[in-house]
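Chains, contacts and geometry: an overview
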Amino acid sequence: APWHLMMSLTPSRGCLLDLPWEDILVPHILCHLPLQQLLSLQRVSKSFQSLIQLYLANMRCFDSSQVGPAIPRAAFVNLLKDNEVLQQLALQNCSDWLTDRELLPVIGQNHHLHQIQLKGCAQLSRHALVAISLSCPNLRRLSLAHCEWVDSLSLRSLADHCKALEAVDLTACRQLKDEAICYLVQKCSRLKSLSLAVNANVGDMAVEEIAKCCPELEHLDLTGCLRVKNDSIRVLAEYCPKLRSLKVKHCHNVAESSLSILRSRGVELDVEPPLQRALVLLQDVVGFAPFINLQI
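Now for a description of the structure that goes with this document. Throughout, residues of each chain are indexed from 1 in the direction in which the sequence is written. In keeping with the model being predicted, local features are shown solely for residues with a pLDDT of at least 70 and side-chain atom pairs are shown and tallied solely at 80 or more, while totals for entire chains, interfaces and linings include all residues. Side-chain measures were taken over the full set of non-hydrogen atoms in the model, leaving aside hydrogen atoms and water.

By the convention used here, strands pair only if DSSP detects at least 2 bridges between them. Secondary structure follows DSSP: runs of H or I at least 4 residues long count as helices, runs of E at least 2 residues long count as strands, and numbering of each begins at the N terminus. In spatial order, the strands read E1-E2-E3-E4-E5-E6-E7-E8-E9; together these nine strands make up an open sheet with parallel pairing. Only two strands of the sheet have a single neighbouring strand rather than two, namely strand E1 (61-63) and strand E9 (268-269). Sheet topology places strand E2 (residues 88-90) next to strand E3 (residues 115-117); three bridges connect them, and they run parallel. Residue Gln88 lies in a different strand from E3, and its bridge partner there is Gln115.

With that out of the way, let us pick up the pattern of salt bridges. Only one rule defines a salt bridge in this text: a Lys or Arg side-chain nitrogen within 4 Å of an Asp or Glu carboxyl oxygen. Across all of its chains, the model carries 10 salt bridges by this definition. In this structure, Lys81 engages Asp82 in a salt bridge whose closest nitrogen and oxygen atoms are separated by 3.0 Å. Accessible area is worked out with a 1.4 Å probe on protein chains only. A residue is then buried under 20% of its type maximum, exposed over 50%, and partly exposed in between. Take Lys81: its relative accessible area is 43%, and that puts it in the partly exposed class.

By the element assignment, Leu176 lies in the loop between strand E5 (167-169) and helix H9 (178-187). Classification of Leu176 by relative accessible area gives buried; the value is 1%. Distance in space between the C-alpha atoms of Leu176 and Trp149 is 9.8 Å, their sequence separation being 27 residues. Excluding anything up to four places from it in sequence, Leu176 contacts Val150, Asp151, Ser152, Leu155, Leu170, Ile181, Asn199, Asn201 and Val202. When checking whether two residues touch, look at their non-hydrogen atoms; a contact exists if any pair is within 4.5 Å.

Moving on: the packing of aromatic side chains. Note on aromatic pairs: the rings of Phe, Tyr and Trp (six-membered ring only in Trp) are paired at centre separations within 6.5 Å, and the planes decide the class, stacked below 30 degrees, edge-to-face beyond 60, tilted for the rest. Counted according to the given criterion, the structure contains two aromatic pairs. Judged by centre distance (5.5 Å) and plane angle (55°), the ring pair of Phe76 and Trp97 falls under tilted. Of this pair, Phe76 sits in helix H5 (residues 73-80) while Trp97 sits in the loop between E2 and helix H6 (100-108); the two residues are 21 residues apart in sequence, bridging distant segments of the chain. Take Phe76 and Trp97: they sit in the same class, and that class is buried. Put simply, the rings of Phe62, Phe76 and Trp97 touch in pairs and so form one group of aromatic residues. Geometry around Tyr183 places Arg156 over its ring, the cationic atom sitting 3.7 Å from the centre. Our definition puts a charge over a ring when NZ of Lys or CZ of Arg is within 6 Å of the ring centre and also within 35 degrees of the ring normal.

A few words on unusual backbone geometry. Phi at His146 takes a positive value of approximately 60°, unusual for a residue other than glycine. Mapped onto the elements of the fold, His146 is located in the loop between strand E4 (141-143) and helix H8 (152-161). Positive phi, normally seen in glycine, also occurs at Val198, with a value near 60°. Summarising the element assignment, Val198 is placed in the loop between strand E6 (193-195) and helix H10 (204-213).

Relative to the elements of secondary structure, Asn201 occurs in the loop between E6 and H10. Among the residues examined, Asn201 registers a relative accessible area of 28% and is labelled partly exposed. Once the C-alpha coordinates of Asn201 and Arg174 are considered, the two residues, 27 residues apart in sequence, prove to be 7.2 Å apart. Discounting residues that sit within four places of it in the chain, Asn201 has contacts with Arg174, Leu176, Lys177, Asp178 and Arg227. A distance of 2.9 Å separates a polar atom in the side chain of Asn201 from the backbone oxygen of Arg174. Polar contacts, as used here, are pairs of N or O atoms within 3.5 Å; protein pairs need one atom able to donate a hydrogen and one able to accept it. Residues neighboring in sequence count only if both atoms are side-chain atoms.

Ranked by internal contacts, the top residues of the largest apolar core, which has 87 residues, are Phe62, Leu89, Leu91, Leu144, Leu170, Leu222 and Leu246. When residues no more than four places from it in sequence are discounted, the contact partners of Leu89 are Phe62, Leu80, Leu103, Val106, Ile107, Leu113, Gln115, Ile116 and Gln117. Take the buried Ala, Val, Leu, Ile, Met, Phe, Trp, Tyr and Cys residues and link them wherever side-chain atoms come within 4.5 Å; each set so joined is a nonpolar core.

For helices, the fitted line uses only the C-alpha atoms of the stretch in contact; every axis is such a line through C-alpha atoms, and the angle between N-to-C directions lies from 0 to 180 degrees. In contact at an axis separation of 8 Å, helix H11 (residues 230-239) and helix H12 (residues 256-264) are set at 15° when each is read in the N-to-C sense. It follows from the interaxial angle that H11 and H12 lie roughly parallel. The handedness of the crossing between H11 and H12 comes out as left-handed. Contact residues: Asn230, Ile233, Arg234 and Ala237 in H11; Ser257, Ser258, Leu259, Ile261 and Leu262 in H12. Tallied by class, residues from the contact of H11 with H12 come to five nonpolar, three polar and one charged. Angle categories are assigned with fixed cut-offs, so that under 35 degrees is roughly parallel, over 145 is roughly antiparallel, 65 to 115 is roughly perpendicular, and the rest are oblique. In this scheme the handedness of a crossing depends on how the near helix is turned from the far one: anticlockwise by less than a right angle means left-handed, clockwise means right-handed. Throughout this entry, Asp, Glu, Lys and Arg are counted as charged residues, while Ala, Val, Leu, Ile, Met, Phe, Trp, Tyr, Cys and Pro are counted as nonpolar. The remaining residues, Gly among them, count as polar.

The next subject is H8. When we look at burial in H8, the residues that qualify are Ser154, Leu155, Ser157, Leu158 and Ala159. Where the residues of H8 are buried, they touch helix H7 (126-135), E4 and H9.

Purely geometric numbers; function is a separate question.
What follows is the structure, given as structure tokens:
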């Protein structure tokens, strides 16, 4: 309905654009329209183009996936060139072209960002993370999943300057080792969610430091961390009373002897108890679920 209203009330009818732009149109009407449709509105007239530019300059959240399957480089640069009030930035479908050259100006002029999503942005460099750490002191959530350019020095910069972090995704950041993770959690003790999945360099030392430094921790993903063993899982159970979920699939050195402590507390685990796993395997082999009384 708002879209048809916008298209029917053209400037020639003297209605829509006579409303106060900053007080009415931008905060109460344009905010309800998909970004892709707003960009189409720019072609209606010069007045609409000015209105949309005002909206873009005052936009608090930007998600590249709302623009279409793949946002062009020039469009991205133009959309955010005047914005200095962003709070949330999600850059998906940009991995083919997004480099430091496009991202750093946006980061440098937006000091209120508290949520940044850079999953899979493989062409960035460690300078992007340093820029984020220096420009975004209020950062709360950061996803760097599958960003293999993240190294220990850039992560130290993040830890030194963004101590309010609550959620960090470092999935498949394979340069990182225990020492870098330890430094992060020592500085960012408010962490509630952390993913270190798909990193064979992460082991017990990092997990134990996470447990001791992050008492608010609720979610931890250790999928594929082959060096993690039972001892660190027991420390996690001892020091993290608020833990709600733990992922340890493909952690072959983690056994039920340590997981059972968390399981008894109702922590959500991504591996089934041994008996349940055996029943599933048996069902796959023989084609039916055996009648076994699990209460015995």
